[in-house]
Amino acid sequence: MKINTKIKMPEKISVRLYVGVFFAFLLIFLLLGFPRDSVERRVVFEIQSNSPVPVLIGDADLRGLSSIEFRDVRVILGEREPLVIDRARISAGLFSVIFSDDTKISFSVNAYGGRIDGKVSQNMKKNRVTSAEVDMNSVESSAVSRLFLGNEGISVSGKVDGTVKLLGEGESGGISKMEYLLSSPSLSVAVDRVQGFVVGEEYRNLSVVLRGTANRFESRVEKFSLTNPQLSLQAEGKVPSPLRLRKGAALDLSVTFMPSPGDAKLALVGGFLGSRGDGTFSGRIRGTLAEPRIVKGDGGG
């Protein structure tokens, strides 16, 4: 007696079933023993190998399926003090990594007493970042400002908030534009010397706003204001681009400065600019980032 046994196969398997099977096998794999240590070491190796500047990572720890946390990170920037990050967490959308060419990555960083949150979009085919957005909350400015000011006779301290947006060039990829807004309700600026002139003063409780845009060649400062009861400083113009910071890049800032009438030292500093006769001084800062020079305004002698 011959028995015919036929198994009826489904004509169509849904995408949901494929995805469900994939995650079922992934869960089994994780339960059987995911090689966490190997993956963590590999991620650290890739970051340190591909970074344009030396990066030291104290510890790394996988968090779930798509997040990794780093602790005690130091970014070495030449002879300047290293950039220190207490904790950084990076998360990638699992579906965008698997099914899309455009990967979206979010991150949060604890550093210098504050928090930095952001998101980055990257084209995986071209391996290029296409856009990014960063929000800063109560980040201490003293250590960060030393990276840019160095030993120029001016130091800054105080909490800073702000947003920075980086924009790409569409399909061609690559970051080419930047928008920034930084502010602080109570900043302190210590001025040791200006143009060789010893000031030796610290100015506290300064309200600060810095707003502008940048491309790969220059940054346009739309507004820079620094005010408290002792002084008022306003500036706008062209400065080197943070996207391509070069010591030989050109400076051209228009500056207006008004010290309080009773502050003799600030009045002497204002003397490097041109006096308008009403207690206000004006001029320009030109030259390069490495060799800036002050040019008196039309009201100067």
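Anyway, here's the lowdown on the structure attached to this text. (Residues numbered from 1 in each chain as written. Predicted model: local features only at pLDDT ≥ 70, side-chain atom pairs only at ≥ 80, totals over all residues. Heavy atoms only, no water.)

### Focus: the nonpolar core
Grouped together as the largest cluster of nonpolar side chains are 24 residues, with contacts concentrated most on Leu187, Val189, Tyr203, Leu206, Leu226, Leu231 and Phe257. Going through the elements one at a time, β8 (159-168), β9 (175-194), β10 (197-214), β11 (219-228), β12 (231-239) and β13 (250-259) are the ones with two or more residues in this core. When residues in this core are grouped by element, the largest group, five residues, is from β9. Core analysis: the second largest hydrophobic core is formed by 16 residues, Val55, Ala88, Val109 and Val139 among them. (Core = buried A, V, L, I, M, F, W, Y, C linked by side-chain atoms within 4.5 Å. Buried < 20%, exposed > 50% of the residue type's maximum accessible area, 1.4 Å probe, protein only. Helix = DSSP H or I, 4+ residues; strand = E, 2+ residues; numbered from the N terminus.)

### Considerations on the side chain of serine 141
Within the secondary structure layout, serine 141 lies in helix α4 (residues 141-149). Overall, serine 141 belongs to the buried group, its relative accessible area being 8%. In this structure the side chain of serine 141 is engaged in a polar contact, spanning 2.9 Å, whose partner is the backbone oxygen of glycine 158. In this view, serine 141 contacts Val156, Ser157, Gly158, Val160 and Leu187; residues no more than four positions away in its chain are not counted. (Polar contact = N/O pair within 3.5 Å; in protein donor to acceptor, adjacent residues only side chain to side chain. Contact = heavy atoms within 4.5 Å.)

### Re the environment of leucine 181
Relative to the assigned elements, leucine 181 resides in strand β9. In this structure leucine 181 comes out as partly exposed when scored by relative accessible area, which is 37%. If sequence neighbours within four positions are ignored, leucine 181 has contacts with Asp161, Gly162, Thr163, Val209, Leu210 and Arg211.

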